[in-house]
Amino acid sequence: MGMGDEVKSSDYSRTQRQLYRRKIQQCLDVFETMLAQSSFDCDQPLTGMEIEANLVGGDYRPVMANSDVLAAIDDPAYQRELGAYNIELNVPPRPLPGRLGLELEAEVRASLNAAEAKAHADGARIVTIGILPTLMPEHLTGDWMSDSARYAALNDSIFAARGEDLAIDIDGPEPLTLRAPTIAPESACTSMQLHLQVSPAQFADHWNAAQVLAGPQLALGANSPYFFGHRLWAETRVEVFAQSTDTRPDELKNQGVRPRVWFGERWITSIFDLFEENVRYFPSLLPEVSEEDPVAELAQGRTPQLAELRLHNGTVYRWNRPVYDVVDGRPHLRVENRVLPSGPTVADMLANAIFYYGLLRRMARERRPLWTQMSFAVAHDNFRAAARHGMEARLYWPELGEVGVQELTRRELLPMARQGLDEWGVAPEVSERFLGIIEGRVASGRNGATWQVSTVQALQAQGASRPDALVEMLRRYCAHMHTNQPVHTWELA
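All figures in this text were calculated on a predicted structure; none of them were measured in a lab.

J.: An account of the overall build of the protein is needed here, citing residue identities and associated values.
T.: Scanning the protein from terminus to terminus reveals 16 helices and 15 strands. For 493 residues, the compact-globule estimate of 2.2 N^0.38 gives 23 Å, and the protein sits close to it at 22 Å. Once the C-alpha set of the protein is aligned to its principal axes, its extents read approximately 70 × 50 × 45 Å. Looking at the protein as a whole, 60% of its 493 residues are labelled buried. Here the contacts in the protein between residues at least 6 apart in sequence split such that 76% fall between residues at least 24 apart. Of the roughly 18,800 Å² that the protein leaves accessible, carbon and sulfur atoms contribute 47%. Averaging the locations of the 48 positively and 65 negatively charged side chains of the protein gives two centres separated by 3 Å.

Next comes the structure, spelled out in structure tokens:
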């Protein structure tokens, strides 16, 4: 989630809400002016990555220990997340060309290993996985939430808007229905975010391309087949996240009110379209008003922070989110890709990242872009099918029609990704290593989700109960995770 700054209160008055609404409209107007006039930083496009992880104890069940673990790690790159059993690693932004991909892999591994060693002293282990398979409803009562005013405020706002308990209702091989009195289920969703800095002129093409890619990305990277002991979707995290932050009672859903976790509903022509939609469709969950006068800041030649616009944007959970940020007084824009789950290994996560960056680069520069050849609804259908079926999904693709993920990746996506990385100046050995991992997944038909399911099934066939099979599967998962051998090479039980 990565919510950022602390909030000051969790109780908002009506006047505050009205003031916030006026202020956010003002931010939007200033942002529009800036897009037309200001120079945004994009000379050397930087890529960034955030990796969320879970904490488990010696029994491979969640431990609510992120305060102690973060104190032990003692590194500003590691931050808390919503659940007390979650942490997040923020990898510093960097350019992509040359051999930097391999250096990045080494750096992320070293960082996670050092953090793991320090967490161990607290009896905790760090796991990168989409949903912790040993997480059960009883873990999410009591002190499940990180100690943070922001998360408490968010929880209160969502339930004030809903006016009733959350309904979690997910179909799949072993359907799950339950009611939740807090947003705790959201904390189960552990993802990785990929950032790419782009110019205002190139933003729309990059966002549209990322939306086209969301389906294939998810199908290949799925890693969340179990939630609360039930086998659900290949990437159940997508559905749990959507349902656990839903501010709409049924009546508002029936009216067509947009969900907070949102794929979107149309291709865009400017980044402005997305911020405008956010302001038009979504009431504020955290109406914090800053001191800044953005109009005056801009008039005086300074870069406004647009705090209200940014805070609001942080509570509309788009799978590809627009980001406005200011670094050293210079504004910049990023596409934040939030589609992928965490894990299984650093090698797998980097393969997912490099594959995405290569495809995005190539696709955003096509003369006849793919999104001009398919409806937005089809891109959304692809995303849903990929979340549900993972490697087995059939997706629609221009000129191919309905196609399996493996064939699509082999025929279209890998060649495009390779081309994009070449154009970007990425060293051949970086492309070979990481695209080779994607190729291996496709050849074997195995990703994190398929490995988890086949391992649990094998263990149950040998007589283990479901809860024991999930613990044993996670124990093996962690052992494999530390080898950094990509998941398609892991042995099956």
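J.: Lay out the nonpolar core with the relevant residues and their values.
T.: Grouped together as the largest cluster of nonpolar side chains are 160 residues, with contacts concentrated most on Phe31 and Phe227. With 13 residues, helix 11 (residues 346–363) is the largest single contributor of residues to this core. In this structure, Phe31 is in contact with Phe40, Ile271, Phe272, Phe275, Leu306, Leu309, Tyr324 and Leu333, ignoring residues within four places of it in sequence.

J.: Requested: an account of helix 5 (residues 200–221), with residues and values cited.
T.: The α-helix advances 3.6 residues per turn, and as a result positions three or four apart in sequence lie on the same side. Given a rise of 1.5 Å per residue, 22 residues ought to cover 32 Å, and the 29 Å separating the end C-alpha atoms of helix 5 matches this to within 8%. At Leu213, helix 5 shows its strongest bend, of approximately 45 degrees, with the proline Pro216 following within four residues. Burial of helix 5 is extensive: 18 of the 22 residues sit out of reach of the surface.

J.: A description of the packing of helix 11 against helix 14 (residues 428–444) should follow, citing residues and the corresponding values.
T.: Where helix 11 contacts helix 14, the axes come no closer than 9 Å and their chain directions differ by 105 degrees. Considering their axes alone, helix 11 and helix 14 lie roughly perpendicular with respect to each other. Across the interface between the two elements, Ala347, Asp348, Leu350, Ala351, Asn352, Ile354 and Phe355 from helix 11 touch Val430, Arg433, Phe434, Leu435, Ile437, Ile438 and Arg441 from helix 14. Grouping the amino acids of the contact of helix 11 with helix 14 by side-chain chemistry returns 10 nonpolar, 1 polar and 3 charged.

J.: Kindly report on unusual backbone geometry, identifying the contributing residues and their values.
T.: At the junction of Gly343 and Pro344, the peptide bond is cis and its omega measures out at -10 degrees in the coordinates. Within the secondary structure, Pro344 is located in the loop between strand 13 (330–337) and helix 11. Here the phi dihedral of Asp74 falls at roughly 50 degrees; this positive angle occurs in a residue that is not glycine. Looking at the element boundaries, Asp74 is found in the loop between helix 2 (66–73) and strand 2 (78–80).

J.: Lay out the packing of helix 5 against helix 11 in plain terms, naming residues and giving numbers.
T.: Contact pair helix 5 / helix 11: the axes reach a minimum separation of 10 Å and the direction vectors enclose 145 degrees. Seen from above, helix 5 lies across helix 11 with right-handed handedness. Facing His206, Ala209, Ala210, Val212, Leu213, Gln217, Leu220 and Gly221 of helix 5, the residues of helix 11 in contact are Asn352, Phe355, Tyr356, Leu359, Leu360 and Met363.

J.: Could you give an account of the packing of aromatic side chains, with specific residues and numbers?
T.: Throughout the structure, instances matching the rule amount to 18 aromatic pairs. Here the aromatic rings of Phe40 and Tyr324 are separated by 6.5 Å at their centres, their planes lie at 75 degrees, and the arrangement is edge-to-face. You can see Phe40 sitting in the loop between helix 1 (14–37) and strand 1 (47–56) and its partner Tyr324 sitting in strand 12 (residues 320–327), a full 284 residues away along the chain. For the residue pair Phe40 and Tyr324, the accessibility class agrees, reading buried in each case. Centroid distance Tyr477 to Trp490: 5.3 Å. Interplanar angle 85 degrees. Geometry classified as edge-to-face.

J.: Give a detailed account of the pairing of strand 7 (residues 192–198), specifying residues and quantitative values.
T.: Buried residues dominate strand 7, accounting for 7 of its 7 residues. Bridging between strand 1 and strand 7 involves 5 bridges; their strand directions are antiparallel. Bridge pairing in strand 7 places Thr47 opposite Leu196. Note: strand 7 against strand 13, 5 bridges, orientation antiparallel.

J.: Outline the environment of Ala353, supporting the account with residue identities and numerical values.
T.: Residue position: Ala353 is located in helix 11. On the basis of relative accessible area, Ala353 is assigned to the buried category, the value being 2%. In the structure, Ala353 is positioned 306 residues away from Thr47 in sequence and 9.6 Å away in space, judged by C-alpha atoms. When near neighbours in sequence (up to four residues on either side) are disregarded, Ala353 contacts Met49 and Leu194.

Definitions and cut-offs
- Residues numbered from 1 in each chain as written.
- Predicted model: local features only at pLDDT ≥ 70, side-chain atom pairs only at ≥ 80, totals over all residues.
- Heavy atoms only, no water.
- Helix = DSSP H or I, 4+ residues; strand = E, 2+ residues; numbered from the N terminus.
- Rg over C-alpha atoms; globule rule 2.2 N^0.38 Å.
- Buried < 20%, exposed > 50% of the residue type's maximum accessible area, 1.4 Å probe, protein only.
- Contact = heavy atoms within 4.5 Å.
- Areas by Shrake-Rupley, 256 points an atom, 1.4 Å probe, with all protein chains shown as cover.
- Lys, Arg positive; Asp, Glu negative; His and termini not counted.
- Charge placed at Lys NZ, Arg CZ, Asp CG, Glu CD.
- Core = buried A, V, L, I, M, F, W, Y, C linked by side-chain atoms within 4.5 Å.
- Expected span 1.5 Å × (residues − 1).
- Bend = angle between axes of the 7 residues up to and from the residue.
- Axes fitted to C-alpha atoms, helices over the stretch in contact; angles between N-to-C directions.
- Parallel < 35°, antiparallel > 145°, perpendicular 65-115°, else oblique.
- Nonpolar A, V, L, I, M, F, W, Y, C, P; charged D, E, K, R; others polar.
- Left-handed = near helix turned anticlockwise from the far one by under 90°.
- Phe/Tyr/Trp six-rings, centres within 6.5 Å; stacked < 30°, edge-to-face > 60°.
- Pairing = 2+ DSSP bridges.

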